[in-house]
Each structure stands twice: as structure tokens, then as C-alpha cells.
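Read off the chains here:
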Amino acid sequence: MDLTTIMNRLAELGDEQTKKTFMRHGATEPLFGVKIGDLKKYLVKELKNNNELALALFNTGNSDAQYLAGLIINPKKVTKEQLQTWATQSNWSMISESIVASVAAESPYAVELATEWMKSEKELIQDAGWAAYANFISITPDSLLNKDEILELLKIVETTIHSAKNRVRYSMNQFVICVGSYYAPLVEEAAQVASIIGKVSVNVGNTACKVPIATETIEKIIKLNRVGKKRKNAVC
């Protein structure tokens, strides 16, 4: 399928209720309102690993097309420059956190971009940086992770999370949860930071979404004996 055909297909799959739901979560036009499950069911299998098409889809600025782009791109073959472009083109949290960050986490530039983006003054780019590093921890063997760097990032979260930008607070909280869930060498330290930061306030719009309490989530993972059980992929 070419770009025009796919965009027409996305328009057919979209529905007004899903569009309204996405917009309550912060999405902006243009978008059709396609359920993520429908993207996977009707389009991903046929389009998978087509990086040229993925880049064209993301470049449309359409939220549904951008999410689809993340599902079909091969992260191992994406360039640093292309990921930088995606980070700047993202215009709401589902794309910055679920697509840009996840694809970056599976790319060869995961830590390099994550640490760079964390320093950005732009909320969604900084948001993508914390989410990318969290995702990287969740899929990477402990032996390949930098313990000192992660510990330093935990300290940054501990001292700055409550003054950080809105969506950055959400991804910082998730970072603590990911360290406590997926990186066995720093479980105790993550749990301690979680206890210090307590409940994190994030404006999630006119939705029923809640910010996970890091202490409770980490405790649950420990009780289930699932600490360190890595995910296969970040993109989902």
C-alpha cells in the first residue's frame, strides 16, 4: 500500500468516540481516532519493517499515522537524525511516550538520545527522554546497563520530580517504577526514591487516568517475584 491508500484506510478505521477520547488525553488535530488494536489488526502485519513508509506516515503529522509509523518501523535501522525529527514533531504524550521513546529505546542510540532529550527545555522532548531510558532498562540485560548513571538519574528524580513539567513528572515516575521492576541491582534504591517522592500529581486532562504510585507498583512486582524479568520489546 502507498501512503495515500493507507491514509484513506486510517480514515475509514477512525471513529468519532475514539477521536474524542484521544483529544481528552491531549491529542490535537489532525487525527481520525483509530483504536490501537485496529492498527495492529488491519495494517501492521502487511506494513511491518517498512522504514521508508513509516517515515512518510510520521511526517504527515496525523496522530494515527504517527502511531502506525512506530509500529511498523524497524528501530535497528532508524537513524539518529530521523529519531531527532520524530521527537520534535511529536505533539502529544501518547506519541512522545509510546512511539518516539519506545522506538528510540530499541534503536542503537537509546542512551545517547535519552540523556540528550532529558536536558531539553521542551516538555514532550524531555518527556520522551525519560520514557526512552525507562523503556531501555525494561528490555536490556542488566550487564549492559550503567548502574552509576541510573543511580544518578534516580537522584535527579528524587530532587526535581515535583517541580518538573507536567508530562515529565509522569515519565520520571515511570522511570522509578521501571528501575524497581526491571533492574535488580537497584531495586532497593528505586524503592527508597519511590517512598521519598510519594504520590506524583500529573494533569491527565478530562480523563479517569491515574498516575501509578511507585511504591505500590514496585512492592507488587517484588511480591510476584518478577523483578528483573525483561520485556521482549519496548514498542507495543
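Everything in this summary refers to the structure shown in the same document. Everything quoted here is computed from the prediction, not taken from an experiment.

1. Regarding the layout of surface pockets
Next, step 1: Considered as a void within the structure, the largest pocket measures approximately 630 Å³ in volume.
Next, step 2: What lines the largest pocket is a set of 28 residues, among which E97, S98, R167, Y170 and Q174 lie closest to the centre.
Next, step 3: When residues of the lining of the largest pocket are assigned to their parent elements, the largest contribution, eight residues, is made by helix α11 (residues 166-182).
Next, step 4: Tallied by class, residues from the lining of the largest pocket come to 14 nonpolar, 10 polar and four charged.
Next, step 5: Estimates place the volume of the second largest pocket at around 170 Å³.
Next, step 6: Taken together, K40, V44, K48, N49, G70, L71, I73, P75, E106, N233, V235 and C236 make up the full set of residues lining the second largest pocket.
Next, step 7: If you list the elements that add at least two residues to the lining of the second largest pocket, you get α3 (36-47) and α5 (63-72).

2. Quick look at the nonpolar core
In a soluble, globular protein the nonpolar side chains are often hidden away together inside.
Next, step 1: Grouped together as the largest cluster of nonpolar side chains are 82 residues, with contacts concentrated most on L68 and F175.
Next, step 2: Of all the elements, helix α9 (residues 123-139) adds the most residues to this core, at 10 residues.
Next, step 3: Each residue touching L68, except ones within four places of it in the same chain, is listed here: I6, L10, L39, L43, V44, L47 and L57.

3. So, unusual backbone geometry
Leaving glycine out, the prevailing phi sign among residues is negative, and the prevailing peptide bond configuration is trans.
Next, step 1: Cis peptide bonds are those with omega within 30 degrees of zero, and the linkage from E29 to P30 qualifies with 0°.
Next, step 2: On the secondary structure map, P30 appears in the loop between α2 (16-24) and α3.
Next, step 3: With phi around 65°, N49 is a residue other than glycine that occupies positive phi space.
Next, step 4: Its location among the elements puts N49 in the loop between α3 and α4 (51-59).
Next, step 5: Positive phi values are uncommon outside glycine, yet N225 reaches one of about 60°.

4. Considering α4
Next, step 1: Along α4, the residues that are buried comprise N51, L53, A54, L57 and F58. End-on view of α4: buried residues confined to an arc of 160°, all on one side of the axis. For α4, the exposed residues set more than 90 degrees away from the buried face come down to E52 and N59.
Next, step 2: In this fold, the buried residues of α4 make contact with α1 (3-13), α3, α5, α6 (80-89) and α7 (93-106).
Next, step 3: Trailing α4 by a residue or two, G61 shows a phi angle of about 80°, which is positive.

What counts, and at which threshold
Residues numbered from 1 in each chain as written. Predicted model: local features only at pLDDT ≥ 70, side-chain atom pairs only at ≥ 80, totals over all residues. Heavy atoms only, no water. 1 Å grid on protein atoms, 1.4 Å probe; cavity = no way out; pocket = protein on both sides within 12 Å on 5 of 7 lines; lining within 4 Å. Points joined across faces, edges and corners; volume = space filled by probe spheres on them. Helix = DSSP H or I, 4+ residues; strand = E, 2+ residues; numbered from the N terminus. Nonpolar A, V, L, I, M, F, W, Y, C, P; charged D, E, K, R; others polar. Core = buried A, V, L, I, M, F, W, Y, C linked by side-chain atoms within 4.5 Å. Buried < 20%, exposed > 50% of the residue type's maximum accessible area, 1.4 Å probe, protein only. Contact = heavy atoms within 4.5 Å. Arc of directions from axis to C-beta.

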